[in-house]
Amino acid sequence: MSKQISGALFTLLFLAPLGAQAPLRVAAAADLEPVLPPILVQFEKSTGIHAEATYQSSATLTTQIENGAPFDIFLSADLGFPKRLIDAGLADSTTPVTYARGTLVLWERKDSRLPPPSLDLLRSPALKRLAIANPERAPYGRAAVAALQSLKLYGALKPRLITAENIAQAAQFVDSANADAGLISLTSALTPRLSAEGSYFVIPRDLYPPIEQGAVIVSKTRQRAAANKLLNFLLSPAIQAEFAKSGLTPVK
Amino acid sequence: MDWQAFALSLRLASVTTAILLAIAVPLAALIVLGRGRWLAAVEALATLPMVLPPTVLGFFLLVLLGPRTAFGRGIAAVLGHPLAFSFDGLVVGSVIYSLPFAVQPLVAGFSSVDTALVDAARLLGAGPVRLVSSILIPLARRSLLAAIVLSFLHTVGEFGVVLMLGGDIPGATRTLSIVLYDQVESFDYAAADHTALLLLGLSVLALALIYSKTRNRGAGRA
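All values reported here derive from a predicted model rather than from experimental measurement. (Residues numbered from 1 in each chain as written. Chains lettered and ligands numbered in written order. Predicted model: local features only at pLDDT ≥ 70, side-chain atom pairs only at ≥ 80, totals over all residues.)

**Description of the overall build of chain A**
In step 1: Assigned secondary structure in chain A consists of twelve helices and ten strands.
In step 2: Seen through its C-alpha atoms, chain A measures out along the principal axes to roughly 70 × 50 × 35 Å.
In step 3: Looking at chain A residue by residue over its 252 residues, the buried ones come to 48%.
In step 4: Counting only contacts in chain A whose residues sit at least 6 apart along the sequence, the fraction spanning at least 24 positions is 74%. (Helix = DSSP H or I, 4+ residues; strand = E, 2+ residues; numbered from the N terminus. Buried ≥ 20, exposed ≤ 12 C-beta atoms within 10 Å, placed from the backbone. Contact = placed C-beta atoms within 7 Å.)

Set out below in structure tokens:
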């Protein structure tokens, strides 16, 4: 009996990894964290390809890929970072593939004493701390600053901005009530936790340049076929419809 | 070079070190001079911040000191603003984060003082304050210096706690290590090199200072 167990353990620890196909490694922008996991499960069901995703700000992932991180495909939250990789000869093709568009929302906890989320909330002097993602590296942060500039509120709000490392942390700052409100992604606002705890207001789309989310296949990949399959899977009508439900705007 | 961040890091490290000394000297004395099993628990608690990843520690503090707890609301009422995203918040985080680096050298130093001296002083009627100020501290000066330098440097190099608790506000919470991270993330490697060199230079200088002090004393004794 114990021999069987140790034999099984041996197989599990040393032999199983040899037999298993290396997973497809996906570098995914932080706004995809609530969206992608069930889609990757469906992808494995329909193709048999196991994919594992790492979620970070698009800039962090770009730096990591530039320095040899073993990713096969990069799903950015913008087009600039994938273009940067293409220009450096680190990604295939000549232009990133737009797989979805992002939506910026103003999110606030339901137990907040301030007025409900709206453009008026942004104008309210009672709003002391507004969380945004870092505009230098997070596409949603850039969109947030652009929207505030269009509203001519950036100057007034600048001293009250709390800059988070990425869009997920911006949401967390508001969720923990340390910031009064936050400009975050609709994908975060629609997660079960945040939709239970708070409410959101969609920032009018004409206030910021569209958040075009682009994908590229990393040139060093040894799984180009599998990576291409995932990209086509993301562009398929079923998944695009799923994107729409989770807060991304379909492109097809 | 971001001199504002440089000054902020030095200010944060100085304030943190001063507070840590005020906490760590009595705490270390208690651990060394006191009796009872609960002291082991005290020492363990004082070492605990070394175990937690700094980002996790920062997250706990963000939630614990945030407006959603009674404790956090109490602090906000006293200060007039929530603790997170402020210099005060970073000081609280840094004190907890660097506590083991102040307590450990002092415990080691105080323990190495000859117990005969401590007992003699006690017999002559010295109270705990006198014991610490006239016996333990003078005889464990090296450890005191080590505690100061380590707390200071550990706070200058602190990153995870500041990232979670800070909110990247220039002049209030954007420390040198955050600037370095921002520079790397915005692909500005030349500026990052300069910032990193400054951090390294500062640390080498401080460590050389502490080691030269301990060396001189060793040579004098021989």
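**Description of the overall build of chain B**
In step 1: A count of helical and extended segments in chain B gives eleven helices and zero strands.
In step 2: Order of helices (α) and strands (β) in chain B, N terminus to C terminus: α-α-α-α-α-α-α-α-α-α-α.
In step 3: Viewed in the frame of its principal axes, chain B has a C-alpha envelope of about 60 × 45 × 25 Å.
In step 4: Among the 222 residues that make up chain B, the fraction classed as buried is 38%.

**Description of the interface of chain B and chain A**
In step 1: The interface of chain B with chain A comprises 15 residues on the first partner and 13 residues on the second.
In step 2: A total of three residues in the side of chain B that touches chain A trace back to one element, the largest contributor, which is helix α10 (residues 176–185) of chain B.

**A closer look at the packing of helix α2 (residues 38–47) of chain B against helix α5 (residues 87–111) of chain B**
Residues and elements named next belong to chain B.
In step 1: In contact at an axis separation of 8 Å, α2 and α5 are set at 135 degrees when each is read in the N-to-C sense. With respect to α5, the element α2 is oriented oblique. Each of Glu43, Ala46 and Thr47 in α2 lies in contact with α5, whose residues at this interface are Leu99, Pro100, Val103 and Val107. (Axes fitted to C-alpha atoms, helices over the stretch in contact; angles between N-to-C directions. Parallel < 35°, antiparallel > 145°, perpendicular 65-115°, else oblique.)

**Some thoughts on the environment of phenylalanine 152 of chain B**
Residues and elements named next belong to chain B.
In step 1: Note on placement: phenylalanine 152 falls in helix α8 (residues 141–156).
In step 2: Judged by the 24 C-beta atoms lying within 10 Å of it, phenylalanine 152 falls in the buried class.
In step 3: Considering only alpha carbons, one finds phenylalanine 152 and glycine 93, 59 residues apart in sequence, at a separation of 14 Å.

**Re the sheet that holds strand β5 (residues 104–109) of chain A**
All names here are of chain A.
In step 1: The five strands lie next to each other as β7-β6-β8-β5-β9, forming an open sheet whose pairing is mixed. Lying at the two open borders of the sheet, with one neighbouring strand each, are β7 (161–164) and β9 (198–202). Ignoring which end each strand starts from, the neighbouring axes of this sheet average 30 degrees apart.
In step 2: As judged from the five bridges shared by β5 and β9, these two strands associate in the antiparallel manner. Paired with glutamate 108 across the bridge in β9 is serine 199.
In step 3: In this fold helix α6 (residues 139–150) packs onto β5, β6 (130–133) and β8 (181–185), with an angle of close to 130 degrees to the strand it touches most, β6.
In step 4: Its contacts with the sheet place helix α8 (residues 167–175) against β5, β6, β7 and β8, and it is angled at close to 150 degrees to β8. (Pairing = 2+ DSSP bridges.)

**So, the confidence of the model for chain B**
Fine structural detail should not be taken from predicted coordinates in areas where pLDDT scores are low.
All names here are of chain B.
In step 1: Averaged over all residues, the pLDDT of chain B is 88; the fraction at 70 or higher stands at 96%.
In step 2: Taking the mean pLDDT of every element in chain B, the minimum, 79, falls on helix α11 (residues 189–221) and the maximum, 95, on α5.
In step 3: Of the regions scoring below 50 in pLDDT, residues 218–222 engages in zero contacts with residues more than four places distant in sequence or in other chains.
In step 4: Both confidence scores are given for the complex: pTM 0.79, ipTM 0.71. (pLDDT = per-residue confidence, 0-100.)

**Here we look at the domain arrangement of chain A**
All names here are of chain A.
In step 1: Entries for chain A in the domain assignment read domain 1 (2–101 + 210–246) and domain 2 (104–202).
In step 2: With 13 residues of domain 1 at the interface, the matching set in domain 2 holds 15 residues.
In step 3: Here the side of domain 1 that touches domain 2 is composed, by residue class, of six nonpolar, four polar and three charged. (Domains from an automatic or database assignment. Nonpolar A, V, L, I, M, F, W, Y, C, P; charged D, E, K, R; others polar.)

**A word on the environment of alanine 88 of chain A**
In step 1: Along the polypeptide, alanine 88 of chain A turns up in the loop between α4 (80–87) and β4 (97–102).
In step 2: Taking C-alpha positions, alanine 88 of chain A is 42 Å from glycine 198 of chain A, a pair spaced 110 residues apart along the chain.

**As for unusual backbone geometry**
All names here are of chain A.
In step 1: One non-glycine residue, serine 93, lies in positive phi territory at about 60 degrees.
In step 2: Along the chain, serine 93 falls in the loop between α4 and β4.
In step 3: Using a count of 12 C-beta atoms within 10 Å as the deciding quantity, one classes serine 93 as exposed.
In step 4: Positive phi outside glycine occurs at lysine 152, with the angle close to 55 degrees.
In step 5: Position of lysine 152 among the secondary structure elements: in the loop between α6 and α7 (154–157).

**Let's talk about the confidence of the model for chain A**
In step 1: Model confidence for chain A is summarised by a mean pLDDT of 91, while 93% of its residues fall at 70 or above.
In step 2: By mean pLDDT, helix α1 (residues 2–19) of chain A is the weakest element of chain A at 63, and strand β3 (residues 73–75) of chain A is the strongest at 97.

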